[in-house]
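# Descriptive structure summary
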Amino acid sequence: MKKQSKDVKNRPTSSGRDSKEYFRPKSKKELKEILKNNDILTIIAGGTDLLVSNYQKLYKIDKWLDLDLIDEFKEVKIFDDKIEIGSMVTHDRLVRLEKIKELFPILHSAALDLGSPQIRSRGTIGGNIVTSSPAGDLLPPLLVYDAEVVIISDQEERKVDLNTFFTGPKKNVLKEGEILEKIVIPLKKDKSRGVWKKVGKRKALVISSISLALNIVFDKDNIIKKAKMAIGSAAPVPLRIKSAEEILIGQSLDSIDYIKVAKAAAKQISPIDDIRGTAEYRISVAKNITKSALKEVTK
Ligand SMILES: Cc1cc2nc3c(=O)[nH]c(=O)nc-3n(C[C@H](O)[C@H](O)[C@H](O)COP(=O)(O)OP(=O)(O)OC[C@H]3O[C@@H](n4cnc5c(N)ncnc54)[C@H](O)[C@@H]3O)c2cc1C
């Protein structure tokens, strides 16, 4: 018979009897009260990252803060100039919301590509951002849409541009006692065309080896007026590829030098070797997906 791991006896029970305190606020107000009176809380949203990464040491967590009952964090609000997406909105909801599909098609496609139906129904946009994996699928689309995040604590509220939120692999600017409340994306008047590309070892349920979001605004003469490109899994953080964007601006459909843009993209990234691919493989794929994304968006 297979020997049981010595950790088995320490595993938490499904009733959560092993955790000392479990907070489940029902509103932002209650949440702030809990943050005021407690330090070192482990925040749980859908749990799809947290429970996996902490599986062997769940019993060591003293204080849980579960955001699941805060309805304000599940709201999606549309204004004239922006959309606000609560941090507890699941990937599944992003996929189902017609307005997301219409206004932010790249975000919609990335949410649809993320994990499996089970993961999409539990995992949240806030969890994807705070995990801050360079491979987080929603991150390149949010970067090209100029998203900002609203961060709250018991004392204050601050807004951070997502471009400055990530500080390293699985690292970000959130401080102890801070919660990601919502994501704010500006609604632009210009009509844009976007593409999402995700390359992985399989077709489904796969963490990307490399991903790319591209959003382009053409003027009435089909000249590129604005270009935003971001790549995931190719640097310590998901990255806007500004050198490629600069080359694209001012180009017409038939004057785009695909190879030049692809080379610029490959030059700006700094991929590593890991189980999902070597650095060399990633550079070559970055060039290819840049070319194919450009061809798709301009056809
Ligand atoms: C089988 C499987 C497949 C997966 N496939 C993919 C994939 O294809 N693409 C991909 O990008 N990801 C994938 N993931 C990772 C994961 O599902 C996503 O990153 C998901 O969005 C995490 O959200 P969550 O709500 O489950 O976060 P949780 O696990 O609850 O939390 C993640 C982290 O964020 C913190 N946190 C969560 N919400 C907040 C908040 N509002 N404020 C402050 N801190 C917060 C938590 O403390 C924790 O550190 C996969 C995971 C699994 C298990």
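Residues numbered from 1 in each chain as written. Predicted model: local features only at pLDDT ≥ 70, side-chain atom pairs only at ≥ 80, totals over all residues.

On domain assignment, one finds that the chain holds domain 1 (17–66), domain 2 (74–186) and domain 3 (192–298). Taking only C-alpha atoms into account, the centre of domain 1 sits 37 Å from that of domain 3. (Domains from an automatic or database assignment.)

The subject of this paragraph is the site of the ligand. Inspection of the region around the ligand gives 28 residues, with Ala 45, Gly 46, Gly 123, Gly 127 and Asn 128 positioned closest. Contributions of two or more residues to the shell around the ligand are made by β2 (42–44), α2 (50–53), α6 (117–122), α7 (125–131) and β10 (179–186). Ranked by residue count, the leading element in the shell around the ligand is α7, at 5 residues. Residue classes in the shell around the ligand are distributed as 13 nonpolar, 12 polar and 3 charged. Of the residues that make up the shell around the ligand, three or more belong to each of domain 1 (17–66) and domain 2 (74–186). (Near = placed C-beta within 6 Å. Helix = DSSP H or I, 4+ residues; strand = E, 2+ residues; numbered from the N terminus. Nonpolar A, V, L, I, M, F, W, Y, C, P; charged D, E, K, R; others polar.)

Its 20 residues give helix α11 (residues 279–298) an end-to-end C-alpha distance of 29 Å, which sits within 8% of 28 Å, the value for a rise of 1.5 Å per residue. Looking at α11, one finds that the buried residues are Arg 282, Ile 283, Val 285, Ala 286, Ile 289, Thr 290, Ala 293, Leu 294 and Val 297. Around the axis of α11, the buried residues are gathered within 165 degrees of arc, so they sit on the same side. Away from its buried face, by an angle of more than 90 degrees, α11 presents the exposed residues Glu 280 and Lys 295. Tucked into the core, α11 has its buried residues touching β11 (192–199), β12 (210–218), β13 (224–232), α9 (242–248) and α10 (258–268). (Expected span 1.5 Å × (residues − 1). Buried ≥ 20, exposed ≤ 12 C-beta atoms within 10 Å, placed from the backbone. Arc of directions from axis to C-beta. Contact = placed C-beta atoms within 7 Å.)

The next point concerns the environment of Ile 40. In this structure, Ile 40 sits in the loop between α1 (28–37) and β2. Taking the C-beta count within 10 Å as the criterion, Ile 40 has 9 such neighbours and is therefore assigned exposed. Sequence-wise, Ile 40 and Val 297 are 257 residues apart; in three dimensions their C-alpha atoms are separated by 46 Å.

Now for the pairing of strand β7 (residues 157–161). The buried fraction of β7 is low, at 0 of 5 residues. Bridge count between strand β6 (residues 148–152) and β7: 5 bridges; the pairing is antiparallel. Bridge pairing links Ile 151 to Arg 158 in β7. Here β6 hands over to β7 after 4 residues, the two strands then running antiparallel side by side. (Pairing = 2+ DSSP bridges.)

Our next topic: the sheet that holds β12. The strand order across the open sheet built from 4 strands is β11-β12-β13-β14, with neighbouring strands paired in antiparallel fashion. A single partner strand is all that each edge strand has here, and the edge strands are β11 and β14 (239–240). Looking at chain direction, β12 and β13 are connected through 8 bridges and run antiparallel. Among the inter-strand pairings, Leu 212 is bridged to a residue of β13, identified as Ile 231. Its contacts with the sheet put helix α5 (residues 105–113) on β11 and β12, and the angle it makes with β11 is roughly 20 degrees. (Axes fitted to C-alpha atoms, helices over the stretch in contact; angles between N-to-C directions.)

This part takes up the nonpolar core. Soluble globular proteins tend to pack their nonpolar side chains together in the buried interior. By size, the foremost hydrophobic cluster in this structure holds 71 residues, and its most contacted members are Leu 107, Leu 142, Met 229, Ile 231, Ala 265 and Ala 286. Sorting elements by how many residues they give to this core places α11 first, with 7 residues. Residue contacts for Met 229: discarding those within four places in its chain leaves Val 144, Leu 212, Leu 214, Arg 240, Ile 241, Ala 244, Glu 245 and Ala 265. (Core = buried A, V, L, I, M, F, W, Y, C linked by C-beta atoms within 7 Å.)

Glancing now at the sheet that holds strand β3 (residues 63–66). Each strand in a sheet pairs with another by means of backbone hydrogen bonds, the pair being arranged parallel or else antiparallel. Within the open sheet, the 3 strands sit side by side as β1-β3-β2. Their pairing is parallel. Since the sheet does not close on itself, it has two edges, and those belong to β1 (21–23) and β2, each with one partner. Neighbour to neighbour, the strand axes of the sheet diverge by 25 degrees on average, direction disregarded. Where β2 meets β3, 3 bridges bridge the pair, whose relative direction is parallel. Paired with Thr 42 across the two strands is Trp 64, which belongs to β3.

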